[in-house]
Amino acid sequence: MPDLVVRGGTVVTVDGVRRADISIEAGVIANVEEGAGGGTAEIDASGLFVLPAVVDVHVHFNEPGRTEWEGASTGSHALAAGGGAMFFDMPLNSTPCTVNAREVARKRAALEASSVADFGLWGGLTPESIPFMAEMAAAGVVGFKAFMCDSGLPEFPRVDETALLRGMTEAARLRLPVAVHAENEEITKGLARALSGASAREFLGSRPVVAETRAVDLAVEMAKETGVSLHIVHMSAGQSVAVAAEARQAGVDVSIETCPHYLFFEEADVERLGVIAKCAPPIRPNNDELWQAVLSGVVNIVASDHSPTEPSLKKAGDFRTSWGGIAGVQSTLPVLVDRGYHTRQLLLNRIASLLATTPAERFRIKNKGRIAVGYDADLVLVDLDRSFTLDAASLLQRHNTSPYVGETFRGTVRRTIRRGETIYSDGQVTAATKGRFVCPIF
């Protein structure tokens, strides 16, 4: 008899969307079929759609070191409320940053003690960390993150062209991907220096699309030269996506990530909302081309880039010195259901691919990201037609500030299951056990 049967839902798999029961044994999917027998426990999913739980490959939970901004406990609670059961934590803004095996081990221990979701870790690629990449690979990192422009943190310096080439060469040898924040340093630094004020309009003008396209072009050329797997994070504009897509068609191993805030908001919203919507690259004038890249399959992955801070570091009206980062880990799936499925006919299979299947496969995480026999029972149950308005009190992250507060979404996460255990249900985190560390399988 299965430990658990999720009964009567409409299941979204790579093969299609169909009514089925999901039988789970020891946290693993044992069967997906209609009319499954009884289980020790059952969950009634009638009227709900069952998707693979979100695998968020880009979060900043900042533990250890800056948990006053966010921590893995509160961050993973918010992830679970948004339908997520696994995340990859970035090497910054933790302090110290995760740039050697010692800090990988320290972060792993901290997250094993606090996260309700399973997790992987990015290693940092800085000019000084290149000699330590092999030891980080041995410690199980999913890849290496580099900034092509100023990261905003002096302890995590950007890579110049020489360091990026050296780092990509070493990552290729280690058979791990390099993720890049792709903005051109000369353009962004020069325009920022010329700012005469701190308004939203001036900030947006200081990080133009050309800064992103120029950096993407360099990154894909270096990936072609070194043979490394390249992952370009938080791409904000259709023009820069097109540069990466052209390289991929030419044979470069490159994956393209965008974020829900680039799909949900437009430049006018930044001026309306203020510094709570400041991020880099910035939100663009419109997102039509970016949505088309999502709908056509050019974009591989959607990730939150959840990068919160203390509210005091978001200084009203001051786009020059306020911290740049969007707090949105709880809203990724609702954005794709509301603005994608309901508004633009984005297929549910495609949502599952963008948020779970491709993230797990791209970073070689075994038995994650699909609803299939032998895979971990990581599931999210969604009422596609139930609407909700996000209010600050319902945010489970450390601070109740987010540009999504006050927005109404059609499509509500009702339950999130991680390895057969419900970790979120109708407003409450319910996990009894902690998440596990996951690493790539070669």
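Residues numbered from 1 in each chain as written. Predicted model: local features only at pLDDT ≥ 70, side-chain atom pairs only at ≥ 80, totals over all residues. Heavy atoms only, no water.

Caption draft 1: Fine view of the sheet that holds strand β8 (residues 118–121). Reading across the sheet, the three strands line up as β6-β7-β8 and stay open at both edges, with parallel pairing between neighbours. Each edge of the open sheet is held by one strand with a lone partner, namely β6 (54–59) and β8. Direction aside, neighbouring strands of the sheet carry axes that sit 20° apart on average. Pairing of strand β7 (residues 84–89) with β8, which is carried by four bridges, proceeds in the parallel orientation. The residue bridging Phe88 from the neighbouring strand is Gly120, located in β8. (Pairing = 2+ DSSP bridges. Helix = DSSP H or I, 4+ residues; strand = E, 2+ residues; numbered from the N terminus. Axes fitted to C-alpha atoms, helices over the stretch in contact; angles between N-to-C directions.)

Caption draft 2: Here's a closer look at the pairing of β7. The buried count for β7 comes to six of six residues, which makes it a mostly enclosed element. Relative to β7, β6 runs parallel, the two sharing four bridges. Counted as the bridge partner of Val54 is Gly84 from β7. Of the crossover connections in this fold, the one passing from β6 over helix α1 (residues 72–81) to the parallel β7 is right-handed. Handedness of the crossover joining β7 and β8 through helix α2 (residues 101–114): right-handed. (Buried < 20%, exposed > 50% of the residue type's maximum accessible area, 1.4 Å probe, protein only. Right-handed = clockwise from strand over helix to strand, strands pointing away.)

Caption draft 3: Representation of the sheet that holds strand β9 (residues 123–124). Read across the sheet, six strands follow the order β9-β10-β11-β12-β13-β14 without closing on themselves; strand pairing throughout is parallel. Each having just a single partner strand, β9 and β14 (301–302) make up the two edges of the open sheet. Relative to β14, strand β13 (residues 254–258) runs parallel, the two sharing two bridges. What sits directly across from Thr258, in β14, is Val302. Along the sheet, helix α7 (residues 209–226) contacts β11 (178–181), β12 (230–232) and β13; its crossing angle with β12, the most-contacted strand, is approximately 165°. (Contact = heavy atoms within 4.5 Å.)

Caption draft 4: Seen up close, the pattern of salt bridges. Under the defined criterion, the tally for this structure stands at 25 salt bridges. Between Arg158 and Glu185 there is a salt bridge, with the nearest N and O atoms lying 3.9 Å from each other. Taken as a pair, Arg158 in the loop between β10 (144–147) and α4 (161–174) and Glu185 in helix α5 (residues 185–193) lie far apart in primary sequence, 27 residues in all. Here Arg158 falls in the partly exposed class, since its relative accessible area comes to 31%. Judged by relative accessible area, Glu185 falls into the buried class, the value being 13%. Bridged by salt links that share partners, the residues Asp118, Lys368, Asp376, Asp378 and Arg419 form one connected network. (Salt bridge = Lys/Arg side-chain N within 4 Å of Asp/Glu carboxyl O.)

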